[in-house]
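Reading the structure
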4 protein chains.
Amino acid sequence: MEINGVEIEDTFAEAFGIKVSRVLVTAATKKLAKIAATEATGYGTSVIGCPAEAGIDCYVPPEETPDGRPGYIIMICNPSKKSLDHELLERIGMGILTAPTTAVFDALDDEDEKLNIGFKLKFFGDGYEKELEIDGRKIHSIPIMSGDFLIESEFGIKDGVAGGNFFIMGDSQASALLAAQAAVDAIAAVEGTVTPFPGGVVASGSKVGSNKYKFLNASTNEKMCVTLKDEVEDTQIPENVNGVYEIVIDGVDEEAVREAMKEGIKAACTVPGIIKISAGNYGGNLGAYKIKLHDLF
Amino acid sequence: MEINGVEIEDTFAEAFGIKVSRVLVTAATKKLAKIAATEATGYGTSVIGCPAEAGIDCYVPPEETPDGRPGYIIMICNPSKKSLDHELLERIGMGILTAPTTAVFDALDDEDEKLNIGFKLKFFGDGYEKELEIDGRKIHSIPIMSGDFLIESEFGIKDGVAGGNFFIMGDSQASALLAAQAAVDAIAAVEGTVTPFPGGVVASGSKVGSNKYKFLNASTNEKMCVTLKDEVEDTQIPENVNGVYEIVIDGVDEEAVREAMKEGIKAACTVPGIIKISAGNYGGNLGAYKIKLHDLF
Amino acid sequence: MEINGVEIEDTFAEAFGIKVSRVLVTAATKKLAKIAATEATGYGTSVIGCPAEAGIDCYVPPEETPDGRPGYIIMICNPSKKSLDHELLERIGMGILTAPTTAVFDALDDEDEKLNIGFKLKFFGDGYEKELEIDGRKIHSIPIMSGDFLIESEFGIKDGVAGGNFFIMGDSQASALLAAQAAVDAIAAVEGTVTPFPGGVVASGSKVGSNKYKFLNASTNEKMCVTLKDEVEDTQIPENVNGVYEIVIDGVDEEAVREAMKEGIKAACTVPGIIKISAGNYGGNLGAYKIKLHDLF
Amino acid sequence: MEINGVEIEDTFAEAFGIKVSRVLVTAATKKLAKIAATEATGYGTSVIGCPAEAGIDCYVPPEETPDGRPGYIIMICNPSKKSLDHELLERIGMGILTAPTTAVFDALDDEDEKLNIGFKLKFFGDGYEKELEIDGRKIHSIPIMSGDFLIESEFGIKDGVAGGNFFIMGDSQASALLAAQAAVDAIAAVEGTVTPFPGGVVASGSKVGSNKYKFLNASTNEKMCVTLKDEVEDTQIPENVNGVYEIVIDGVDEEAVREAMKEGIKAACTVPGIIKISAGNYGGNLGAYKIKLHDLF
């Protein structure tokens, strides 16, 4: 199968279950909302080493938000409900409540259950907090130094999908990187998904465990390393490929992740020098979801 | 005391000891370095609720970095050496190693000791890692999907200063915010310091403990809340003040923090509508450093 | 009339006819498209002194553009058809053709006529240019150093509206500025409009002619200057107003400009410290359009 | 000659005389200064088709500016003194005076003469303008809607150098582009120079005149077009080169331009996949300056 002359390998991405939340951060301006959204979603690429997987889903213009101000929807994800509760509380409490002019609303549809994050945060008001209703939502108003911080009382969480992915192989490192950036731009328009790695792009792929160092849970996937293609016997890097980047996607459900993979791959294939698109899996035994690349189109 | 017509209160900022690291992140372009630096320093406003305090210190142009590429120096701080070791490993491993085209070098002068972060990360190479020397530094080269990731073997840490601070009180919320942004811009030029809160600005101040909710370690500082100035008896908000923002500074030493406070306050006082500059302390009994505002000028 | 406690003055904005074009600039990534769009729309605040009025209308994600790449729609406007033809040719030729990875498509609906900008630019190919069809459009492919530049053959122009406007009066300069930025964010979501001034905001208002210097066509509108409110007898600045910014809007038609004014005013009124919204007119004798503020809501 | 394995061709860049100005734009924040600087330098890539060549030289932190606020130094250039006078007046008057919170100061050393731009602009104040002294400079204070706009009375101009340049040839379009961006980042640190094209990068090269269309002054340089390398007999594109970008530099003098070329080339050569660096000239008969690449190192 080819798209725009680029080979789409007949393989599948193996994805996993994860609990997801979706939070709308509004502020006086788009820029101020972005600052808070960025702080709250940082240090959140993969739960292998970060306390959460997190990213910015989409921008929402003023006329579509509950308080008529510009906002960004962020997603914060963790396999454990207890950990997700903790991360929501701290990332909102430390990264958004502390940011100028912000307010926070639940933005998840079809939640499985609700966590009372806003209820917990209201105690920071030390008795001066108040309860409001905005847009039919129960809101806590907490006085802070610069004004009042508004937060919805409860935030939905649901079973979503983590680790949707594809690999972009280019004739140069820069070709693969430019295509990866194009893919991230395309995925940004797919609601209900985030690309949690830095700038949305993964520069390093890993395998489970390690051949040489038995104390490691994960190590570099040497078969996918371009600088090892002449050294590793069973390399998966074609001779004319000199750069590989991966896109990893978390989403509210499998459909959103599939849509993101589709749009991302199409966009990557518009960049000159892309040789092949592949995907990462563990033989299909670890993850709950197997997304075949050829079925996307 | 007045600067540009703004009252500088005769008070002091109370600051604390913290262990600091200073890490140079380079990449193919300034933009790519910024992406990695931002991811690695996110979710890092205050160790009250975040796993570290972290921020971007300064930009370093290509001709001044060990590998001739543009870079940003970030600071990652934690009161505990063990926690700082963990945070350096994970923030670099998950937020920078995974980011396109990056390399990482130690950028701390006068360290108290070294942590072998690069040595630990090299095992990710699963035996394919190599050792290099760049600019007289011992470097590990770790093959990853997109190329080779370079990291210095050891990173210095030292006893620094956290919680340098001042309050900006304005005739409107927006005046105080604009002045806070001006202050952050000024502090950005003071090497060896970061302003770890979102966009460098703190919208919420807290006091130790809570009057009403005994289970809380910290709660809103009601005496500094503008919307409570007519409700709280012993408010510290002057009648004509309608917005307050705080700047919090972490630095490699007291001198750097003092310089940052001085430049930040001067910049804040250039903005029309600023009424008063104050600072936060706990009576002087908690922190190791007492920085009097009047002594800065 | 009040919105969110802010007085909406019973006055009208006086707007003018102008010829508008609407051009889609795509590139390999969103960022690269933004660079070209910014260069091509610079030095374009007002035809009082600039060769065109120009700005970025909106972002278009990859799946909605003719070439499947991210893009920005820009608008370039001039009262004279001949001048608009010149500006389109030069701003595209010097600012977009010269920018990495770009392509250019017509994005105007209901045009009055077409200008053959792409046809003219193709001669730059010196005989090596080719003709293609993309998405049913006639496209010229021009070989340039870095690859092939694609441009649609013809670009529509139509009679649009320039100078839709409103004034935002705040209790401080910073309040008015923050509200102006909020207004610009809201207007950005109204398709078919641009705010051509720097960052979308006008810091200076002018009146026709000058009282003191007869050789001037335009001079400061002293009645609207906050620093002159105690000096100019017939000032229009209320006592409690210390900052005024204006938003100026160009649009494809009156309806788009009205929608932009409405959303912009609503957004401005969400910011604390805004006292009053007004609008600029010349008594109704100069412009073809009179847009009453009260009629917008 | 090779740098980091990249061939540096034994050729020279041919550069031209141009009159340059250097203007410091300060504002309340770095971001606001950037907005004004960007507007005033837009539509300014080359005087072949733009009314000026213009760009941002460098950022100046608050403690180093005359008014203690953050600022950007921009350069505006034109071969004709009369045109430069016009461009300074309009780009400052329409793009900076109209931008929120700005002030403008002369930032040129060793000027040949002064243009009274500030003196001319003061008449906009219609008699309400005042004269101040700041940092030993003669300043006009002009009341505008949002406050007072400050501008230095006179701005220096001098004979500078335009069209310093080099070509970056990469194994892919993306490699060349990434290296071009790296070069622009490096040149940004060389004071007294700008890269006036979009994002600092030129995607299209031109030759004087046209072979096929006699009415053209300039047309595509087919010998340097990668997509024509198999079609044009005397192509200068090596077989393994698939992308070429040019960097064009304007500077206050030849020394600054040479330094920019040197740092830019060194930075470009850090990017994997760069094959060769060349430069553009017209045989040495047109321009006043011949800068040999090999002499730079």
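Residues numbered from 1 in each chain as written. Chains lettered and ligands numbered in written order. Predicted model: local features only at pLDDT ≥ 70, side-chain atom pairs only at ≥ 80, totals over all residues. Heavy atoms only, no water.

**A word on the overall build of chain A**
Basically, it comes down to this: In this description a helix means any DSSP run of H or I spanning at least four residues, a strand means any run of E spanning at least two, and both kinds are numbered starting from the N terminus. Atoms considered for the radius of gyration are the C-alpha atoms alone. The globule rule reads 2.2 Å times the number of residues to the power 0.38. For each residue, the accessible area found with a 1.4 Å probe, counting protein chains only, is set against the maximum for its type, and the residue is called buried under 20%, exposed over 50%, and partly exposed in between. By definition, residues are in contact when any of their heavy atoms lie within 4.5 Å. Using a 1.4 Å probe, accessible areas were evaluated by the Shrake-Rupley method; residue-level cover was limited to the displayed protein chains. Counted as positive: Lys and Arg. Counted as negative: Asp and Glu, with His and the chain ends omitted from the count. The atoms used to mark charge sites are NZ of Lys, CZ of Arg, CG of Asp and CD of Glu.
Helix and strand counts for chain A come out as five helices and 17 strands. Over its C-alpha trace chain A gives a radius of gyration of 21 Å, about what one expects of a compact globule, namely 19 Å for 297 residues. Taking all 297 residues of chain A together, the buried fraction comes to 66%. Partitioning the intrachain contacts of chain A with sequence separation of at least 6 by distance along the chain shows that 73% fall at a separation of at least 24. Of the roughly 10100 Å² of accessible surface on chain A, a fraction of 44% belongs to carbon and sulfur atoms. Across chain A, the centroid of the 27 positively charged side chains sits 3 Å from that of the 46 negatively charged ones.

**With respect to the packing of aromatic side chains**
Note the threshold: Two rings belonging to Phe, Tyr or Trp (six-membered ring only in the last case) form a pair when the distance between their centres is within 6.5 Å. Interplanar angles under 30 degrees mark stacking, angles over 60 mark edge-to-face geometry, and anything in between is tilted. Should the NZ of a Lys or the CZ of an Arg lie within 6 Å of a ring centre and within 35 degrees of the ring normal, that charge is described as sitting over the ring.
Evaluation of the coordinates by the stated rule reveals 24 aromatic pairs over all chains. Connected via pairs of aromatic rings, a cluster forms that spans A:Phe119, A:Phe123, B:Tyr213 and B:Phe215. Positioned above the aromatic ring of C:Tyr43, the side-chain terminus of D:Arg91 is 3.9 Å from the ring centre.

**A closer look at helix α2 (residues 81-95) of chain C**
Quick reminder: α-helices carry 3.6 residues per turn. Residues three or four places apart thus point the same way. This is how it is decided: The span one expects for a helix is its residue count, reduced by one, times 1.5 Å.
With 15 residues, α2(C) extends 20 Å from end C-alpha to end C-alpha; this agrees with the ideal 21 Å at 1.5 Å per step. All buried positions along α2(C) are accounted for by C:Leu84, C:Asp85, C:Glu87, C:Leu88, C:Glu90, C:Arg91, C:Ile92, C:Gly93, C:Met94 and C:Gly95.

**Describing the interface of chain A and chain B**
For clarity, the cut-off: Two parts placed together each lose some accessible area under a 1.4 Å probe, and adding up what both lose gives the buried area. Throughout this description, the term salt bridge denotes a Lys or Arg side-chain nitrogen within 4 Å of a carboxyl oxygen of Asp or Glu. Any pair of N or O atoms that falls within 3.5 Å is considered a polar contact. Within protein, one atom must be able to donate a hydrogen and the other to accept it, and sequence-neighbouring residues count only if both atoms are side-chain atoms. Ten residues, namely Ala, Val, Leu, Ile, Met, Phe, Trp, Tyr, Cys and Pro, are considered nonpolar, four, namely Asp, Glu, Lys and Arg, are considered charged, and the remaining ones, Gly among them, are considered polar.
In this assembly, 74 residues from chain A lie in contact with 74 residues from chain B. Considering only the side of chain A, the residues that lose the most area to chain B are A:Tyr43, A:Asp126 and A:Met145, jointly responsible for 16% of the buried surface there. Our count for the contact surface shared by chain A and chain B stands at two salt bridges. Residues A:Lys207 and B:Asp126 are paired through a salt bridge, measuring 2.6 Å at the closest nitrogen-oxygen approach. For the pair chain A and chain B, the number of links is 30 residue pairs in polar contact (both at pLDDT 80 or more). When the residues that make up the side of chain A that touches chain B are grouped by side-chain class, the tally is 35 nonpolar, 26 polar and 13 charged.

**Side note on the interface of chain C and chain D**
Listed as interface residues are 74 residues of chain C and, on the opposing side, 74 residues of chain D. For the pairing of chain C and chain D, the buried interface totals around 5700 Å² over both sides, and the portion due to carbon and sulfur atoms is 64%. Across the contact surface, chain C and chain D share two salt bridges. One can count 31 residue pairs in polar contact (both at pLDDT 80 or more) joining chain C with chain D. Those elements giving two or more residues to the side of chain C that touches chain D turn out to be α1 (30-41), α2, β9 (137-144), β10 (147-152), α4 (173-187), β13 (206-208), β14 (218-220) and β15 (243-251) of chain C.

**Some points on the relation of the copies chain C and chain D**
Rule in force here: Here the copies are matched by least squares. The fit uses the C-alpha atoms of residues with pLDDT of at least 70 in both.
The transform that puts chain C on chain D rotates by 180° and translates by 0.0 Å along the axis, for an RMSD of 0.0 Å. Read as a symmetry element, the transformation amounts to a two-fold axis. Distance from the rotation axis, computed per C-alpha, reaches its smallest value in chain C at C:Gly42: 1.9 Å. Of the residues that chain C buries at the interface, 100% are likewise interface residues in chain D, meaning the two copies contact each other through the same surface.

**Re the relation of the copies chain A and chain B**
For the pair chain A and chain B, the relating rotation is 180°, the translation along its axis is 0.0 Å, and the fit reaches an RMSD of 0.0 Å. The fraction of interface residues of chain A whose copies in chain B are also interface residues reaches 100%, indicating that both copies meet through the same surface.

**Some details on the pattern of salt bridges**
Where side chains of opposite charge bring their charged atoms close, a pairing between them can arise. Residue and element names in this part refer to chain A. Applying the stated rule across the entire model yields 68 salt bridges over all chains. A salt bridge links Arg-22 to Asp-57; the shortest N-O distance between them is 2.9 Å. Of this pair, Arg-22 sits in strand β3 (residues 12-26) while Asp-57 sits in strand β4 (residues 53-60), and the two are 35 residues apart along the sequence. Asp-57 shares its class with Arg-22; the two are buried. Where Glu-222 meets Lys-207, a salt bridge forms, and the shortest distance between an N and an O atom there is 2.7 Å.

**Comments concerning helix α5 (residues 254-268) of chain C**
Given a rise of 1.5 Å per residue, 15 residues ought to cover 21 Å, and the 21 Å separating the end C-alpha atoms of α5(C) matches this to within 8%. Residues of α5(C) that are buried: C:Ala256, C:Val257, C:Ala260, C:Met261, C:Glu263, C:Gly264, C:Ile265, C:Ala267 and C:Ala268.

**Notes on unusual backbone geometry**
For A:Tyr43, which is not a glycine, the phi torsion comes out positive at approximately 45°. Following the sequence through the fold, A:Tyr43 ends up in the loop between α1 (30-41) and β4. Unlike most non-glycine residues, D:Asn4 shows phi in positive territory, near 55°. Relative to the elements of secondary structure, D:Asn4 occurs in the loop between β1 (2-3) and β2 (6-8).

**What to know about the environment of C:Val47**
Looking at the element boundaries, C:Val47 is found in the loop between α1 and β4 (53-60). In the structure, C:Val47 is positioned 43 residues away from C:Asn4 in sequence and 35 Å away in space, judged by C-alpha atoms.

**Here's the deal with the side chain of A:Asp85**
Note on placement: A:Asp85 falls in helix α2 (residues 81-95). In contact with A:Asp85, other than residues within four places in its own chain, are A:Leu115, A:Ile117 and A:Lys120.

**Overview of the domain arrangement of chain A**
Residue and element names in this part refer to chain A. Formally: An automatic or database domain assignment is the source of the domain bounds shown.
On domain assignment, one finds that chain A holds domain 1 (2-14 + 160-295) and domain 2 (18-158). Here domain 1 and domain 2 have C-alpha centroids that lie 30 Å from each other. Contact with domain 1, which involves 16 residues of that partner, is made by 16 residues of domain 2. Carbon and sulfur atoms make up 58% of the area that domain 1 and domain 2 hide from each other, which totals about 1200 Å². Where domain 1 meets domain 2, there are one salt bridge. Here Glu-191 ties to Arg-22 by a salt bridge, and the two come within 3.7 Å at their closest N and O atoms. The tally of links between domain 1 and domain 2 comes to four residue pairs in polar contact (both at pLDDT 80 or more). Considering every element that reaches the side of domain 1 that touches domain 2, the biggest residue donor is strand β11 (residues 155-170), with three residues.

**Some details on the pairing of β11(A)**
Residue and element names in this part refer to chain A. Selection criterion: Pairs of strands are assigned from DSSP output, requiring at least two bridges between the strands.
Of all the 16 residues making up β11, 15 are buried; the element is thus mostly covered by neighbouring parts of the structure. Examined bridge by bridge, β3 and β11 share six bridges and lie antiparallel to one another. By the bridge assignment for β11, Ile-18 is matched with Gly-160. One ladder, built from three bridges, connects strand β7 (residues 113-115) with β11; its direction is antiparallel. Bridging across to β11, Leu-115 finds its partner in Phe-155. As defined by bridge partners, β11 adjoins strand β15 (residues 243-251) across eight bridges and the pair is classed as antiparallel. Residue pairing in the sheet places Gly-164 in a bridge with Ile-249 of β15. The sheet contact formed by β11 and strand β16 (residues 274-278) spans four bridges and is antiparallel. Paired with Phe-167 across the strands is Ser-278, a residue of β16.

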